[in-house]
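Listed here are the chains, written in short residue letters.
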Amino acid sequence: GRLDVSRDTRLTAQARLRIATDNPGSPNIQAGLARYPTYAAYGGTFGVDQNFNRLQVSAGATVDRTAYTYSQLTDGTSTTNDDRNFNQFGGVGRVSYDLRPGLKPFVEVQGDSRVHDVKLDRNGYARDSTGGYIKGGTSFEFSRLLTGEIAVGYAARDYADPRLNRLDGLLVSSSLVWTATPLTTAKFYSDTTIAETTLAGTSGVLTHIYTVEVDHDFRRWLTAIGKFTWGTLDYQGDARRDKIYSLSGDLIYKLNRNIWLKGTLRRDWLE
């Protein structure tokens, strides 16, 4: 959401919620599970954008929480996942400049702190941490046919437990949209994140995800979407390095302006 206080000042807010489980094959999964425990990751960002002629300054505060349900085991018992629950508090700042029409370079800095519900995890490691990233790039719009944003930078995270080394690596983020025809749109987007893990001696997981998507309108009321995703999960502090792939197809049937029906068929691979 956005509230325009004046021509040059805007208040912004964002709410997010994701409910999921660990991927099959993840080292975070316990043995003897009857079913995968679900987790909810939710939070919000509250900020302000201020224009000074061509210069734009943005700042925001972020609050997030990740919480897991209990693990149900095949012998009828259950075990807690409280050591995986944590709160994250942080801030993000961005400075951008309208260099020319359709080209807007920027620099963005983010920092946060993660505080777990339990001081020591199941393997005796203190997982509280601080981290963030810095990245630079540009947003652009070329004749409305190619629009998007691309940036590179550096992400790092330091942990309270001295046995856990700093987790760091290259950050790549992008969001590109190419309007090939009035009916067909191609998209490419990528993201880098630092995820938590319970693997003993491992600081965390540096994850790079890349996605190519093509949307096509067969009719005003019928749209097809094809998507291919690939990525890497680097468990820093351990020799494990996973590769993931996903291929999916969506079909959207628009009953009217307000109600759409969507069906998805997807296959995932993990190496």
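In what follows, the structure referred to is the one given above.
Residues numbered from 1 in each chain as written. Predicted model: local features only at pLDDT ≥ 70, side-chain atom pairs only at ≥ 80, totals over all residues. Heavy atoms only, no water.

If you look at the biggest cluster of nonpolar residues, it comprises 8 residues: Tyr125, Ala155, Tyr159, Leu164, Leu167, Leu171, Ile194 and Leu206. Of all the elements in the fold, those that place two or more residues in this core are β10 (146-159) and β11 (167-179). (Core = buried A, V, L, I, M, F, W, Y, C linked by side-chain atoms within 4.5 Å. Buried < 20%, exposed > 50% of the residue type's maximum accessible area, 1.4 Å probe, protein only. Helix = DSSP H or I, 4+ residues; strand = E, 2+ residues; numbered from the N terminus.)

The pairing of strand β12 (residues 184-195) with strand β13 (residues 204-219) spans 12 bridges and is classified as antiparallel. Directly across from Thr185, in β13, lies its bridge partner Asp215. Where β13 meets strand β14 (residues 222-236), 15 bridges bridge the pair, whose relative direction is antiparallel. Bridged to Glu213 within β14 is Lys227. Between the antiparallel neighbours β13 and β14 lie 2 residues. (Pairing = 2+ DSSP bridges.)

Under the defined criterion, the tally for this structure stands at 5 aromatic pairs. When the ring of Tyr210 is compared with that of Trp230, the centres are 5.6 Å apart and the planes differ by 25 degrees; the resulting orientation is stacked. A residue pair is termed long-range when its members are at least 10 positions apart, and Tyr210 in strand β13 and Trp230 in strand β14 qualify at 20 residues. Measuring from centroid to centroid gives 5.7 Å for Trp221 and Tyr253, while their planes differ by 75 degrees, and the two rings are edge-to-face. Of this pair, Trp221 sits in the loop between β13 and β14 while Tyr253 sits in strand β15 (residues 241-254); the two residues are 32 residues apart in sequence, bridging distant segments of the chain. Look at Trp221 and you get partly exposed, because its relative accessible area is 42%. What makes Tyr253 partly exposed here is its relative accessible area of 38%. Counting every residue linked through ring pairs, the aromatic cluster contains Tyr210, Phe228 and Trp230. Positioned above the aromatic ring of Phe106 is the side chain of Arg94, whose terminal nitrogen or guanidinium carbon lies 3.6 Å from the ring centre. (Phe/Tyr/Trp six-rings, centres within 6.5 Å; stacked < 30°, edge-to-face > 60°. Lys NZ or Arg CZ within 6 Å of the ring centre and 35° of its normal.)

A separate point is the environment of Thr197. Structurally, Thr197 is set in the loop between β12 and β13. Considered as a pair, Thr197 and Asn28 are 169 residues apart in the sequence and their alpha carbons are 6.2 Å apart. Side-chain polar atoms of Thr197 contact the side chain of Asn28, separated by 2.7 Å. Side-chain polar atoms of Thr197 contact the backbone nitrogen of Leu199, separated by 3.2 Å. (Polar contact = N/O pair within 3.5 Å; in protein donor to acceptor, adjacent residues only side chain to side chain.)

The next subject is the environment of Lys243. Along the chain, the position of Lys243 falls in strand β15. Spatially, the C-alpha atoms of Lys243 and Gly226 are 21 Å apart, while their sequence positions differ by 17 residues. Residues in contact with Lys243, not counting those within four places in the same chain, are Gly231, Trp269, Leu270 and Glu271. (Contact = heavy atoms within 4.5 Å.)

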